[in-house]
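# Structural overview for review
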Amino acid sequence: KNDDDNNTTNKHVVIKRLSNLQFLSTKDFNLVYQQLDQEIKIHARLNSSHILKFISSTIKESTFGQVEIQLVYPYAAYGSCSDLLSVNFNTGLPYQVILFILFSLLQALVYLKANFVVHRSVRPEHVLVFDDGSVRLSCFRHAVGMNDVY
């Protein structure tokens with residue numbers, strides 16, 4: 001729920017939960033943590049209408065010692081392009097829709113290039129379609145900042 005200038009609106013979100021992390025060895029937990037830290041650092045600095053917005057992250061530990069990391073993102077009402085193809089358009093999307101999706105995806109990639117980020121995992125599951133018709137690139141798990149490589 002967001003409160004902008006006393007105008008309260010409800011927004012749906014998706015919470016990506018990574019749980020049972022307490023069962024990982026210290027070495028594996030540190031590796032998972034470093035990968036998530038890198039993903040969050042890259043994703044959080046991006047600000048484009050063609051990139052899925054990163055809202056927040058939290059680390060929770062229960063009284064029983066269970067560790068969970070939560071990543072919060074806006075909800076994509078129509079899911080991914082992969083979802084659309086498998087559920088609604090199993091014979092393919094109309095070419096006008098394909099053009100619109102490709103145009104939005106190319107704008108996302110141009111934005112990433114201008115911000116020295118390489119996504120490295122562009123595929124239908126990572127292209128999300130929202131109820132307002134917008135298309136956004138998601139999943140920055142494999143992304144790398146070109147400035148971070150050297």
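Quick notes on the rules
Residues numbered from 1 in each chain as written. Predicted model: local features only at pLDDT ≥ 70, side-chain atom pairs only at ≥ 80, totals over all residues. Heavy atoms only, no water. Helix = DSSP H or I, 4+ residues; strand = E, 2+ residues; numbered from the N terminus. Salt bridge = Lys/Arg side-chain N within 4 Å of Asp/Glu carboxyl O. Core = buried A, V, L, I, M, F, W, Y, C linked by side-chain atoms within 4.5 Å. Buried < 20%, exposed > 50% of the residue type's maximum accessible area, 1.4 Å probe, protein only. Contact = heavy atoms within 4.5 Å.

Moving on, we come to unusual backbone geometry. Even without glycine at this site, Asn 20 takes up a positive phi of about 60°. By the secondary structure assignment, Asn 20 is in the loop between β3 (13-18) and α1 (26-44). The backbone phi angle of Cys 139 is positive, close to 60°, even though this residue is not glycine. Its place among the elements puts Cys 139 in the loop between β8 (135-137) and β9 (144-145).

Pairing between side chains of opposite charge can happen when their charged atoms approach one another. A complete count under the given rule lists four salt bridges for this structure. Between Glu 125 and Arg 123 there is a salt bridge, with the nearest N and O atoms lying 3.6 Å from each other.

Counting residues in hydrophobic clusters, the biggest one holds 18 residues, and the most contacted among them are Leu 46, Ile 51, Leu 112, Val 127, Leu 137 and Phe 140. Elements with a minimum of two residues in this core: α2 (81-87), α3 (95-114), β7 (127-129) and β8. Ranked by residue count, the leading element in this core is α3, at five residues. Those residues in contact with Leu 112 that lie beyond four places of it in its chain are Leu 46, Ile 51, Val 117, His 119, Leu 137 and Phe 140. Core analysis: the next-biggest nonpolar cluster, separate from the first, contains twelve residues, Val 67, Tyr 73, Ala 76 and Phe 130 among them.

All we've got here are geometric facts, nothing functional implied.
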